[in-house]
Amino acid sequence: MKKIYIFSFLMVFAISLTNAQNKLLTVAESSNYKSTSTYNDVIDFINDLGGTSDNIRIEYFATSAEGRDIPLMIIGTPLPEKSEDMINDDRIVVYIQANIHAGEIEGKEASQMLARDLLKGKNKEILENVVILICPILNADGNEKFSLENRTNQNGPVNGVGVRYNGQMLDMNRDAMKVKTPEIKGVITQILNKWDPAVTVDCHTTNGSFHEEPITFTWMNNPNGDRSLINFMRDKMMPQVSKTLLEKYNVENIFYGEFIDRLNPEHGWISYAAEPRYIVNYIGLRNRLAILNENYVYADYKTRVLGCYDLLKSILEFSSTNHIKIKTLLEQADINTISRGFNPSVSDSFAIEYKGKPTPQKITIKAFEADTIPGMKGYWRYKKSNRKITVTVPYIADYFPTKSVRFPYAYFISIPDKDVLEILKTHGIKIEQLTKNKTIKVERFKIEELNPSIRLNQGHYTNQIKGKYIEETKEFPIGTYFVRTSQKLGNLAAYLLEPQADDGLLKWNFFDKYLVPQWYPYFLPYPVYRLVEKIEL
């Protein structure tokens, strides 16, 4: 009799949990796709979801400028107690991030729906091989600035949306290298450094060219990342995700981009942003896979949310099925990066300038021809016509160096600036110190031109730098900080410390106070020296 009571109790408990999950609806769903969630709506939803299963834990990894805690859902079967448990786990971690631009809201709604449905047992094979991290509302401050005047070109929701910038008036998707926002600092220190996700998805909404496909996406493409990972995304993962999304879920999709010339679409389709200030390209520098999702702004709101939901499922299905392949690829990329830094050859290089080239396969787009609006100038001078045109054109998404410097063994930081050291540590880069005085043959960067940008960029007058390396022998005292490139984040370390890098610390003004002496019309040496050849340190 006792066994019957226990069994009955467990059955009732399981049914009650299932009923609770079934009743959980996002604001998008409960409003029949007329509205989107506030911050409190999201927190209430995920807290309610947390009470329905032992396979989810809610953590908070950052606090916004206006005091809102940024949530992270951790989902697994079984659920890892801590990130260190994943080191010897056969599963991989996939991180889904939404609402970095708070007016771009499909990922916020779709990721909540996805978390609920996975916990209900839908697509349960995914969780056999994947632990999922979801931040549905990264830009909590921007989300709360609802207005019908925001993103007026966007087709829904009717209650308005938030704004692009965070509580500091900064665009977080330009902050991956300089890390001036608490939200991105949290992503880097509490998610990327801590959980080391194999795959990251960053959800957005488009602003650009006119076409029929409601879902677009692309992959990391900075040429200083590992080329084998870029090629894997280009040739294997992204085409298969696209095929699954179309054939299994009946969602038309294309790789993300814009027409090079909107009035002449035959000129090509370009994924134009390769700098690592963008979170997807930044993650590529860390030898991990990253996907930019851009949902089509002119599609209706419901179509965008459901299409995003199916894209996320397609990515998770591929990641689960191919988890061993992905894990092996990433381990090999780390080995290659460490090996290159341990003994760099003359042929090892770092790209300081690069240019996009066509991928091996052209792309077919169901486009609308564009017309111009009389009297309008710039980006917004185009409008969609009713004239449909299907074009097959080059996809400019493969970026290759046009100017490079030799990849070094180490960088020596001659001035121990606390902000420089702190940001390197934030990124997870290993820093060492000399244990005795050392006289070394190094390369010093001689600045020949240094000009600020003509307009503010994310609170910075970013530097435009020209100069050249000069060999010299220099004594570095005991305690001098240095960074070897023979570490997993060696590519990222080089990007931050190379003076001519388009997104490095010199570019973002971290060294400005050390570059020009008061009253004198010349430049001081850049206080980071390159050690090209391997020596015993």
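Residues numbered from 1 in each chain as written. Predicted model: local features only at pLDDT ≥ 70, side-chain atom pairs only at ≥ 80, totals over all residues. Heavy atoms only, no water.

Trainee: Report on a nonpolar patch on the surface, specifying residues and quantitative values.
Mentor: Together, Trp519, Tyr520 and Tyr522 make up an exposed nonpolar region whose accessible area comes to about 460 Å². The residue Trp519 is located in the loop between α12 (490-497) and β20 (528-531) in this model. (Patch = residues over 30% accessible without salt bridge, like charges linked within 9 Å, V, L, I, M, F, W, Y side chains within 5 Å. Areas by Shrake-Rupley, 256 points an atom, 1.4 Å probe, with all protein chains shown as cover. Salt bridge = Lys/Arg side-chain N within 4 Å of Asp/Glu carboxyl O. Helix = DSSP H or I, 4+ residues; strand = E, 2+ residues; numbered from the N terminus.)

Trainee: Got a sec to walk through the layout of surface pockets? Specific residues and values, please.
Mentor: Each pocket or cavity is described by its volume, and for the largest pocket that value is around 640 Å³. Lining the largest pocket are 23 residues, with Trp195, Asp196, Arg288, Asp334 and Lys488 positioned closest to its centre. Contributing elements (two or more residues each) for the lining of the largest pocket: β3 (92-97), α6 (182-195) and α10 (323-342). The residue makeup of the lining of the largest pocket, split by class, is nine nonpolar, four polar and ten charged. (1 Å grid on protein atoms, 1.4 Å probe; cavity = no way out; pocket = protein on both sides within 12 Å on 5 of 7 lines; lining within 4 Å. Points joined across faces, edges and corners; volume = space filled by probe spheres on them. Nonpolar A, V, L, I, M, F, W, Y, C, P; charged D, E, K, R; others polar.)

Trainee: Can you lay out the sheet that holds strand β8 (residues 258-259) for me, pointing to particular residues and giving the numbers?
Mentor: In spatial order, the strands read β8-β9-β14-β11; together these four strands make up an open sheet with mixed pairing. Each end of this open sheet is capped by a strand with a single partner; those strands are β8 and β11 (349-358). (Pairing = 2+ DSSP bridges.)

Trainee: Provide a residue-level description of the nonpolar core, including the pertinent values.
Mentor: Counting residues in each nonpolar core, the largest one holds 143 residues, and the members touching the most others are Ile132, Met237, Leu289, Leu424 and Phe511. No other element matches the nine residues that helix α9 (residues 301-321) contributes to this core. Once residues lying within four places of it in the same chain are set aside, the contact partners of Phe511 are Val420, Leu505, Leu506, Tyr526, Pro527 and Val528. Ranked by size, the runner-up nonpolar core spans ten residues in total, among them Ala410, Ile440, Phe482 and Tyr529. (Core = buried A, V, L, I, M, F, W, Y, C linked by side-chain atoms within 4.5 Å. Buried < 20%, exposed > 50% of the residue type's maximum accessible area, 1.4 Å probe, protein only. Contact = heavy atoms within 4.5 Å.)

Trainee: Hey, could you go over the pattern of salt bridges for me, with residue numbers and the actual values?
Mentor: For the structure on display, the rule yields 35 salt bridges. The shortest N-O distance in the salt bridge between Asp141 and Arg68 comes to 2.8 Å. Taken together, the residues span a long stretch of sequence, with Asp141 in helix α5 (residues 140-143) and Arg68 in the loop between β1 (56-63) and β2 (69-75) at a distance of 73 residues. Residue Lys388 is joined to Glu212 by a salt bridge in which the shortest nitrogen-to-oxygen separation is 3.8 Å. With a gap of 176 residues between them, Lys388 in strand β13 (residues 382-393) and Glu212 in the loop between β5 (199-205) and β6 (215-219) connect regions that are remote in the sequence. With relative accessibility at 57%, the residue Lys388 sits in the exposed group. On the basis of relative accessibility, which here comes to 29%, the residue Glu212 falls in the partly exposed class. Each of Glu104, Arg151, Arg164, Asp171 and Arg174 takes part in a single network of salt bridges with overlapping partners.

Trainee: Lay out the confidence of the model for the protein chain in plain terms, naming residues and giving numbers.
Mentor: Predicted confidence across the protein chain gives a mean pLDDT of 94, with 95% of residues reaching 70 or more. This model gives residues 4-19 a pLDDT under 50, and the stretch forms two contacts once residues within four places in sequence are excluded. (pLDDT = per-residue confidence, 0-100.)

Trainee: Which residues make up the packing of α6 against helix α11 (residues 418-427), and what values go with them?
Mentor: One can describe the packing of α6 onto α11 by two numbers: an axis separation of 8 Å at closest approach and a directional angle of 45°. Considering the angle they form, α6 stands oblique to α11. On the side of α6, the interface is formed by Lys185, Ile188, Thr189 and Asn193, while α11 contributes Glu422, Thr426 and His427. Grouping the amino acids of the contact of α6 with α11 by side-chain chemistry returns one nonpolar, four polar and two charged. (Axes fitted to C-alpha atoms, helices over the stretch in contact; angles between N-to-C directions. Parallel < 35°, antiparallel > 145°, perpendicular 65-115°, else oblique.)

Trainee: Can you break down the sheet that holds β5 residue by residue, with the values?
Mentor: Here we have eight strands laid out as an open sheet, ordered β1-β2-β4-β3-β5-β10-β6-β7, and mixed in their pairing. With partners counted over all chains shown, the strands left at the sheet margins are β1 and β7 (253-255), one partner each. Within this sheet the neighbouring strands show an average axis-to-axis angle of 20°, counted without direction. Two strands pair when backbone bridges link them, and β2 and strand β4 (residues 130-135) are joined in this way by three bridges, in the antiparallel orientation. The partner of Ile74 across the bridge, within β4, is Leu133. The strands that helix α7 (residues 227-247) touches are β5, β6, β7 and β10 (289-295); relative to β6, the one it contacts most, it runs at about 160°. Sitting on the sheet, α10 is in contact with β3, β5 and β10, with an inclination near 90° to β3.

Trainee: Describe the side chain of Asn281, with residues and values.
Mentor: Tracing the backbone shows Asn281 in helix α8 (residues 279-285). In this structure Asn281 comes out as buried when scored by relative accessible area, which is 3%. Those residues in contact with Asn281 that sit more than four places away from it in its chain are Trp219, Met220, Asn221, Asn222, Ala273, Ala274, Glu275 and Pro276.

Trainee: Run through the packing of aromatic side chains, naming residues and quoting values.
Mentor: All chains considered together, the criterion is met by 17 aromatic pairs. Taking the centre distance of 5.6 Å and the plane angle of 80° together, the rings of Phe217 and Phe255 count as edge-to-face. Of the two residues, Phe217 sits in strand β6 while Phe255 sits in strand β7, which places them 38 residues apart along the sequence. Each member of the pair, Phe217 together with Phe255, is buried. Where Phe445 meets Tyr469, the ring centres are 5.3 Å apart and the plane angle is 70°; that geometry is what we call edge-to-face. Taken together, the positions of Phe445 in strand β17 (residues 438-452) and Tyr469 in strand β18 (residues 463-476) put the pair 24 residues apart, joining distant regions of the chain. Take Phe445: its relative accessible area is 0%, and that puts it in the buried class. Across from the ring centre of Trp508, 5.3 Å away, lies the NZ or CZ of Lys178, which sits over that ring. (Phe/Tyr/Trp six-rings, centres within 6.5 Å; stacked < 30°, edge-to-face > 60°. Lys NZ or Arg CZ within 6 Å of the ring centre and 35° of its normal.)

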